[in-house]
Amino acid sequence: MFEMLLAEANNEKIVKVIAIESGKGAKQRLLSLGLHINDVVEVVSNTRFGPILIKNLSKNNARIAIGRGIAEKIQVESVN
Amino acid sequence: MQELQLGVESPKKFKLNQSTKVVALVGQPNSGKSTLFNILSDIKVSTANFAGTTVEYKESLISIFGETFHLIDLPGTYSLNPFEPAEHVTVKYLLNNKVDLIINVVDSTLITRSLELTTELLELGIPFVVALNMSDETHKHGIDINSERLSEILGVPVVKISALYGKGIHQLMDACYEQTFVAGNKAKINPITFTYHIEHWIQKILEPAETLVKQNKISPRFWAIKALENPSLVDISLLNGLRDIIKTAESEIEANHRTSLFEAIEYERHHQSMSISHKVTISIPRKSIPFSEKLDLMFLRPRTGYIFALFFFALYFFLVFVAGNFIASLVDSPLSSVPKFYGSLKMHTPFLWHTVEGLYQGIVGAFGIVLPYFLPLLFLTAILEETGYMARIAFLLDSVFHQMGLHGKSVAPFIMGFGCIVPAVYATRIIENRRDRLITSILINFIPCSARLTVIFALTTALTGPFWTGVIFGYVLFAIAITGKIISFFMPKPLGLILEIPPLRLPSMKITFKKTYFKVREFFKVAVPFLILGSVVLAWLEYFNFTYHINQTMRPFITSLLGLPEQLGSTLIFGFLRKELVVFMTAQAFGVTNLSLLPLTIPQVVIFLVFIIFYFPCISTTAVFWKEFGWKHLLLTILIGLCLSTVSALLFKFILGYFFNF
């Protein structure tokens, strides 16, 4: 088990969402797009600049693009 | 069959008798709601594979087994806690209008997430049918849905359909009819119950709410939950002491569960929908990853994505150019044979000749210059939206837009802006944050739209050559970025990008054609009358020699400050009507028939062009802007435009004066 930020996770890494520490607006938006705590997500594209693309494995693989600033406030842990 | 499109705030325009049943289509973005609406109503409205296309709601009268239903397609929303302006439309409608039946359109391939909206909608207590759309695609995604089991759990009919291929529509209509007329109030809907620590607060509000909301025909339970979860959506002042109850509830949840009341309710709904989803879906082994997903990965990963994006945009503009030239050549010869029919009027009745000539020039402008390029542009943009590629572009360009203080969601309005600013202004409605929306709307005003491109290309091709086309184009994009940076400096920090990336889909040609048709029709309704009228007014002004007076008034600015010939003063007035009028006006002002004969130097052309691009939005954009954002915002935009155009023109005068000794 290793804690890190979503923004730091490499491509193809599978992680579990531990906490979402972003502002209220972003948090609500993530919730309504189906990203919740304990969801297992795969990082599809993360290039150290620009947004991060994730695939929510807990929600039928729905894909969400998340801006880097917000991804830096999402704590995740490694599952593989 | 009647068809009508309504604005966000405009009142219902159908004259309905009380017995007409209202059916609302509600679903998450990209659930295929609009496609289903098209099938049910047999009229095609915009459908797209990019989050948030139905920004206004569309309505239609349909007939099921002889009964007339009033069908409403509400904008896609992820939940009933609205975020984007378009989502507000949906929630407001459901809170304030009589709805007899909800058809909840669900993307079957995203059932787990979609059920969260479904469970929330069930709280409304309205007769309900779930349409499991795209049910033919679930196996490809490795899931199988037991619709009978889902129907048992929710207490409402669940029908598997495929709106795109017209499957299951008959069963859906059966279910709708049954729910509205047979089951009616006896329908046994099972809204989810919350755990005690939330449920007891709902019960506390429920009883007083019951008397309060009875006349509104909204479920008191829905009202009570919303009062706790999102008090801004309901009028909590209606109930004495409600504010205090909410406050106590909030602090109790905060103390015991270390989370906000909003989140606590949201998470319970989430867990319930997860557990329902587990009960009704079976994972089936997936065959190998389909080619479309591998291709999509190449579109999305920056290293290959930028190359594809560049290629697609080069192709996009190349196709617009080739198709545009082809269409223009088709309409050119019939149009150019017209003037000889009224040429004789010039001698005997010059006023009439000017009027007819004005009309003719307006029609040439619409059919010969704008339409040939507009048509392929709209068609290709529709394809980009239909396939979902627009969302990929938003993802890729997010970091570029960050440089302007914006993010990827502003990409779609920007790209549309290259076609026309008017639809681009409407496209800003998908931007949830007011700050981002305002900055985007100001900036898209300066994008070289098809009309401005016409002016740039016409004048540079005739007078300066392609090098200066490139310089002007590059400067315009640079100026937009700088302006964005300056405006966002004075604004609070942006929220950032959160955007769903829907799967790539093959575009349906039928829908793409219909979509293009609707946009072209819109163009003819909104813009063409202005074009023709403006052209006639211009001809009259010329007849009465009014342009002379305009030129004299503008002279200090045009000639003394910018160093341009005074004849150009009047063209600015008509550029306000429609930008491409500037080209005819300039030719007319100097009395030349061929643009290459214009007595303008290269610096003058460049200065004139940078000024004309920024100085003022066209009349259609102005009208839309006023309606959309109010006059204060319009004035601010115009002011920024005037500053930008003057600064840019002076900048070029200074720099070019150095190189050209001018």
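Cut-off values and rules
Residues numbered from 1 in each chain as written. Chains lettered and ligands numbered in written order. Predicted model: local features only at pLDDT ≥ 70, side-chain atom pairs only at ≥ 80, totals over all residues. Heavy atoms only, no water. Helix = DSSP H or I, 4+ residues; strand = E, 2+ residues; numbered from the N terminus. Rg over C-alpha atoms; globule rule 2.2 N^0.38 Å. Contact = heavy atoms within 4.5 Å. Areas by Shrake-Rupley, 256 points an atom, 1.4 Å probe, with all protein chains shown as cover. Lys, Arg positive; Asp, Glu negative; His and termini not counted. Charge placed at Lys NZ, Arg CZ, Asp CG, Glu CD. Buried area = accessible area lost by both parts, 1.4 Å probe. Salt bridge = Lys/Arg side-chain N within 4 Å of Asp/Glu carboxyl O. Polar contact = N/O pair within 3.5 Å; in protein donor to acceptor, adjacent residues only side chain to side chain. Nonpolar A, V, L, I, M, F, W, Y, C, P; charged D, E, K, R; others polar. Pairing = 2+ DSSP bridges. Axes fitted to C-alpha atoms, helices over the stretch in contact; angles between N-to-C directions. Buried < 20%, exposed > 50% of the residue type's maximum accessible area, 1.4 Å probe, protein only. Expected span 1.5 Å × (residues − 1). Phe/Tyr/Trp six-rings, centres within 6.5 Å; stacked < 30°, edge-to-face > 60°. Lys NZ or Arg CZ within 6 Å of the ring centre and 35° of its normal. Disulfide = S-S within 2.5 Å. Parallel < 35°, antiparallel > 145°, perpendicular 65-115°, else oblique. Left-handed = near helix turned anticlockwise from the far one by under 90°. Core = buried A, V, L, I, M, F, W, Y, C linked by side-chain atoms within 4.5 Å.

What follows is about the overall build of chain B. The helix and strand tally for chain B stands at 27 helices and ten strands. The C-alpha radius of gyration of chain B comes to 28 Å, within 12% of the 26 Å expected for a compact globule of 662 residues. For chain B, the spread of C-alpha atoms along the principal axes amounts to about 85 × 55 × 55 Å. For chain B, restricting intrachain contacts to residue pairs at least 6 apart in sequence, the fraction spanning at least 24 positions comes to 74%. If you sum the accessible surface of chain B, you get close to 28,500 Å²; carbon and sulfur atoms cover 65% of it. For chain B, the separation between the mean place of its 55 positive charges and that of its 48 negative charges on side chains is 5 Å.

Before going further, it helps to examine the overall build of chain A. For chain A, the count of helices and strands is two helices and six strands. Starting at the N terminus, the α and β elements of chain A follow one another as β-β-α-β-β-β-α-β. Against the compact-globule benchmark of 12 Å for 80 residues, chain A has a radius of gyration of 11 Å, which places it among compact chains. Taking the principal axes of the C-alpha coordinates as reference, chain A spans close to 30 × 25 × 20 Å.

What follows covers the interface of chain B and chain A. Each partner contributes residues to the interface: chain B has 39 residues there, and chain A has 34 residues. With both chains or domains summed, chain B and chain A bury close to 3,200 Å², and 60% of this area falls on carbon and sulfur atoms. Here chain B and chain A share four salt bridges between them. One salt bridge in this structure joins K27 of chain A and E263 of chain B, with 3.1 Å as the shortest N-O distance. Where chain B meets chain A, there are twelve residue pairs in polar contact (both at pLDDT 80 or more). Where the side of chain B that touches chain A is concerned, the elements lending two or more residues are α3 (111-122), α9 (261-280), α10 (291-300), α15 (389-402) and β10 (498-500) of chain B. No other element matches the six residues that α9 of chain B contributes to the side of chain B that touches chain A. Residue composition of the side of chain B that touches chain A, by class: 19 nonpolar, seven polar and 13 charged. Note that strand β5 (residues 62-66) of chain A and β10 of chain B share three bridges and pair antiparallel. Among the inter-strand pairings, I64 of chain A is bridged to a residue of β10 of chain B, identified as E500 of chain B.

Neighbouring strands of a sheet are bound in pairs by backbone hydrogen bonds; such pairs are parallel or else antiparallel. The seven strands lie next to each other as β1(A)-β6(A)-β2(A)-β3(A)-β4(A)-β5(A)-β10(B), forming an open sheet whose pairing is antiparallel. Whereas interior strands pair on both sides, the edge strands pair on one side only; in this sheet they are β1 (3-5) of chain A together with β10 of chain B. With direction set aside, neighbouring strand axes in the sheet form an average angle of 40°. In this structure, strand β2 (residues 14-20) of chain A lies alongside strand β6 (residues 74-78) of chain A, joined through five bridges in antiparallel fashion. Looking across to β6 of chain A, one finds that V17 of chain A is bridged to V76 of chain A. Those strands touched by α15 of chain B are β3 (40-45), β4 (52-56) and β5 of chain A together with β10 of chain B, and its axis lies near 155° from that of β10 of chain B.

Residues and elements named next belong to chain A. In terms of burial, β4 is a largely internal element, five of the five residues being buried. The alternating pattern of β4 places I52, I54 and N56 and L53 and K55 on opposite faces, both of which are buried. Of the strand pairs in this sheet, β3 and β4 are connected by four bridges, and their pairing is antiparallel. Within the sheet, the bridge partner assigned to V41 lies in β4 and is N56. In this structure, the hairpin formed by β3 and β4 is closed by a connection of six residues, where R48 is found at a positive phi of approximately 75°.

We now examine unusual backbone geometry. A positive phi angle is found at N61 of chain A, which is not glycine, with a value near 65°. Locating N61 of chain A in the fold gives a position in the loop between β4 and β5. Note on N61 of chain A: relative accessible area 28%, which makes it partly exposed. The phi dihedral of N545 of chain B falls on the positive side, at around 60°, and the residue is not glycine. Along the chain, the position of N545 of chain B falls in the loop between α21 (509-543) and α22 (546-561).

Turning our attention to the pattern of salt bridges. Once the charged atoms of two side chains with opposite charge are near each other, the side chains can pair. All names here are of chain B. One pass over the structure, following the stated rule, counts 19 salt bridges over all chains. The salt bridge involving R269 is made with E123; its shortest N-O contact spans 3.3 Å. Of this pair, R269 sits in helix α9 while E123 is found in the loop between α3 and β6 (128-133), placing the two residues 146 residues apart along the sequence. Assessed through its relative accessible area of 1%, E123 is described here as buried.

This part covers the pairing of β2 of chain A. Alignment of β2 of chain A against β3 of chain A, held across three bridges, turns out to be antiparallel. Residue pairing in the sheet places I14 of chain A in a bridge with E42 of chain A of β3 of chain A.

Over its 20 residues, α9 of chain B runs 29 Å from end to end, which matches the ideal 28 Å to within 8%, given 1.5 Å per residue. The element α9 of chain B is largely enclosed, with a buried count of 15 among its 20 residues.

Right, let's get into the packing of aromatic side chains. Residue and element names in this part refer to chain B. Counting across every chain of the model gives 27 aromatic pairs over all chains. An angle of 20° between the planes, with centres 5.7 Å apart, marks the rings of F611 and Y615 as stacked. Residues F611 and Y615 agree in their burial class; the two are buried. Between the NZ or CZ atom of K340 and the centre of the ring of F341, over which it lies, the distance is 5.5 Å. The side chain of K346 reaches across the aromatic face of W353, ending 4.5 Å from its centre.

Per the stated rule, a full pass over the model turns up zero disulfides over all chains. Unpaired in terms of disulfides, C643 of chain B finds its nearest cysteine sulfur in C618 of chain B, a separation of 20 Å.

Here we take up the packing of helix α25 (residues 602-614) of chain B against helix α27 (residues 631-660) of chain B. Residue and element names in this part refer to chain B. Packing of α25 against α27 brings their axes to within 8 Å, and their N-to-C directions diverge by 165°. Here α27 runs roughly antiparallel to α25, going by the angle between their axes. For the crossing formed where α25 meets α27, the hand is right-handed. Listed contacts from α27 to I602, P603, V606, I607, V610, F611 and F614 of α25 are G641, L644, S645, T646, S648, A649, F652, K653, L656 and F660.

To continue, consider the nonpolar core. Residue and element names in this part refer to chain B. Counting residues in hydrophobic clusters, the biggest one holds 97 residues, and the most contacted among them are F414, L459 and I612. With ten residues, the top contributor of residues to this core is α25. If near-sequence neighbours (up to four positions away) are discounted, F414 is found in contact with F401, M404, L406, T440, L443, I444, I447 and I480. Core analysis: the next-biggest nonpolar cluster, separate from the first, contains 60 residues, V91, I102, I225 and L239 among them.

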